[in-house]
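Structure assessment
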Amino acid sequence: MNPIFAGLQTSIFEEMSALARQHSAINLGQGFPDDPGPEDVRRKAAEAVVEGWNQYPPMMGLPELRAAIARHYKAHQNLDIDANTEVMVTSGATEAIAGALLATVSPGDEVVLFEPAYDAYLPLVKRAGGIPKFVKLAPPDWRFDAASLRAAIGPRTRAVLFNNPLNPAGCLYDAADLTLLADALAGTEAVVISDEVWEHVIFDGQRHVSVLAVPGLRERSVKIGSAGKIFNLTGWKVGFVVAAPAVMKVLAKAHQYITFTTPPNLQTAVAYGLDKPAAHFDAMRKDLQDRRDHLQRGLTQAGFSVLPSAGTYFLNVDLGPLGLTDDAAFCRRMVAEAGVAAIPVSAFYADASQRSVVRFCFAKTFDTLDAAIGRIAKSAATLLHA
Ligand code: GLN
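First things first, this report covers the structure right here in the doc. (Residues numbered from 1 in each chain as written. Predicted model: local features only at pLDDT ≥ 70, side-chain atom pairs only at ≥ 80, totals over all residues. Heavy atoms only, no water.)

**So, helix H5 (residues 93–104)**
For H5, built from 12 residues, the straight-helix expectation of 16 Å at 1.5 Å per residue is met to within 8% by its first-to-last C-alpha distance of 16 Å. Burial within H5 is extensive, with 9 of its 12 residues counted as buried. When H5 is considered as a whole, its buried residues turn out to be Ala93, Glu95, Ala96, Ile97, Ala98, Gly99, Ala100, Leu101 and Thr104. (Helix = DSSP H or I, 4+ residues; strand = E, 2+ residues; numbered from the N terminus. Expected span 1.5 Å × (residues − 1). Buried < 20%, exposed > 50% of the residue type's maximum accessible area, 1.4 Å probe, protein only.)

Quick look at the structure:
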């Protein structure tokens, strides 16, 4: 067996969800909403299954979806994208990330990762033969600077795998941060693979800035989006990639031999959804922001030190002020003793060097959030002490 996959443990999401089932716990671990998603978008998909085309769609994606993606990013991010040469539909963002790594990295090339790094990144980089170089980020603000970028980026850097907003940290990088990245890459051949799946899930009136909007990054970047996150339909696994034509040509070769196509009916529904008015996306953000604030208040009252969350479905607590030093042990105790599952952020550091942060998913009904807060508060006397 290939040693990289053979040596991997089950993902932290599967592990915590299994513990949640075992302890009949409320699952604020794995990130998925517990409502069914926008009904009109789901009906479009149903209609397309019954009345539409169910054979292979074009390899690059349905033309109507590729056009809708270009229109959507013009409307929401003022990006100029050529639907014919710069857009490809994939079976989820994870396929897009895997494909982008396979298309860019050769054995021995260096790949820069930001830690905490979403769990799929490192195994995929290694399987592509890449040598990981880490930029370590730390709470409470998870920022990088020119020096930390310079320390990781060098003449052997082939790709930078970037995530903005960043899961699990819940932080958002702005135009100035992206300019630091552009400056650090000037003169290199490196490609930026930018996982922007949380681009719509950002709060407090902030705007998302894509790598494609930044001079010096536009031509070298692969922007990855996800209908699952845009419409809160995480099981759909419809992703998309935007990149300059020369890069896209090679990305398309990887996609051709990984999944080749993506269910056409879901593509039709996503194309419909992407044209929804801005008010739809504003309402979605407002709704999630209210849930974030609700969980933030509850966890603060229970005695946690809550870190800011600018985006994603997640907010984090810092166990440091409580004197707790093992996030994984804490999560195992919380699921068993309080009946609430969360995710230890050490799972997103290759050396588990950060062990004081725990991630909670707030994309849940208010009833679910209240029940979780109640359980934690009830156990707080024992749970929150070392
Ligand atoms: N993206 C989800 C999260 O961050 C996890 C998806 C999965 O389980 N692989 O919670």
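**Comments concerning the site of the ligand**
Near the ligand, the surroundings consist of Phe13, Gln30, Gly31, Tyr118, Asn167, Phe314 and Arg359. Within the side chain of Tyr118, a nitrogen or oxygen atom sits 3.2 Å from a nitrogen atom of the ligand. Take Arg359: an N or O atom from its side chain is 2.7 Å from an oxygen atom of the ligand. Relative to its free-state accessible area of 300 Å², the ligand is covered by the protein chains to the extent of 77%. A per-class count over the shell around the ligand returns 3 nonpolar, 3 polar and 1 charged. (Near = heavy atom within 4 Å. Polar contact = N/O pair within 3.5 Å; in protein donor to acceptor, adjacent residues only side chain to side chain. Areas by Shrake-Rupley, 256 points an atom, 1.4 Å probe, with all protein chains shown as cover. Nonpolar A, V, L, I, M, F, W, Y, C, P; charged D, E, K, R; others polar.)

**Concerning unusual backbone geometry**
Cis geometry marks the peptide bond from Asn164 to Pro165; its omega dihedral reads -10°. Along the chain, Pro165 turns up in the loop between strand S5 (157–163) and helix H8 (175–185). The residue after Asn167, namely Pro168, is reached through a cis peptide bond having omega 15°. Residue Asn78 is not a glycine yet carries a positive backbone phi of 50°. Within the secondary structure, Asn78 sits in the loop between helix H4 (63–77) and strand S2 (87–90). For Phe260, which is not a glycine, the phi torsion comes out positive at approximately 70°. Examined against the element boundaries, Phe260 turns out to sit in the loop between helix H10 (245–256) and helix H11 (264–274). Owing to a relative accessible area of 32%, Phe260 belongs among the partly exposed residues under this scheme.

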